[in-house]
Amino acid sequence: MKKRHFLGALAAAGALPALHAATGKTAPRGPALLTVTGAIAKANRGRFDPVADQMMYKQKLSFDKAYVFDFAAVMALPAQTIRPTLEYDGKVHTLRGPLLLDVLKTAGATLNEGGKLVLRAVDGYAVSLPVAQARAQRFIVATHLDGAAMALGGLGPLWALYDADRVPEMAAKPVAERFPLCPWALYHIEVQA
């Protein structure tokens, strides 16, 4: 790339935050880690693009608008700490992140008690979580496990889960049966009003 093209591209990229501010959209500064679609009032990205959104395309997703979060945007929300016993080693671990419903409120989600949330992981694993259950069990979008940010390729970078040890009907179940509604490597949530 020639120097003047590089400088022109750099100047254009520098103008993007101002452009988003003028349109009322807050674009993430880093790569989008979580995309929220469906019954949302806010959007900071456009419609689904079958070329650019290859993973979503392969998982048969489509949307007209979305609200995306980078890691900093998720971290900017008030965090909660939970200490559930995890199925992977049967030990208590500390997980930290914002409440799932707070993340969705940031996107202007319609959170009716009868509504559902489709939580999708990068491997295509998807679950339908009732909004009422997400509220009652205080699901979080965990960003940290035992004080360290979770990496892609492990359980992260985002994991939707709750403190199953503190929910009597779930604590009575074997540990391996407590987390079917908790996708790790969470990257997409569809809000169904």
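Relevant structure appears above.
Every value quoted in this text rests on a predicted model; they were computed, and no experiment measured them. (Residues numbered from 1 in each chain as written. Predicted model: local features only at pLDDT ≥ 70, side-chain atom pairs only at ≥ 80, totals over all residues. Heavy atoms only, no water.)

J.: Describe the overall build of the protein chain, listing the residues and the values that go with them.
T.: The helix and strand inventory of the protein chain stands at six helices and eleven strands. Counting the 193 residues in the protein chain, one finds 39% classified as buried. Looking at the protein chain alone, contacts between residues at least 24 apart form 62% of all its contacts between residues at least 6 apart. About 10,100 Å² of surface is accessible on the protein chain, with carbon and sulfur atoms providing 59% of the total. (Helix = DSSP H or I, 4+ residues; strand = E, 2+ residues; numbered from the N terminus. Buried < 20%, exposed > 50% of the residue type's maximum accessible area, 1.4 Å probe, protein only. Contact = heavy atoms within 4.5 Å. Areas by Shrake-Rupley, 256 points an atom, 1.4 Å probe, with all protein chains shown as cover.)

J.: Now, about the sheet that holds strand β2 (residues 67–69): what can you tell me, with residues and values included?
T.: What the five strands build is an open sheet, ordered β2-β1-β11-β5-β6; its pairing is mixed. At either margin of the open sheet sits one strand with a lone partner, and together these are β2 and β6 (126–130). On average, adjacent strands in this sheet sit at an angle of 20° to one another, irrespective of strand direction. Relative to β2, strand β1 (residues 34–38) is paired through three bridges, and the arrangement is antiparallel. Within β2, the residue paired with T35 across the bridge is V68. (Pairing = 2+ DSSP bridges. Axes fitted to C-alpha atoms, helices over the stretch in contact; angles between N-to-C directions.)

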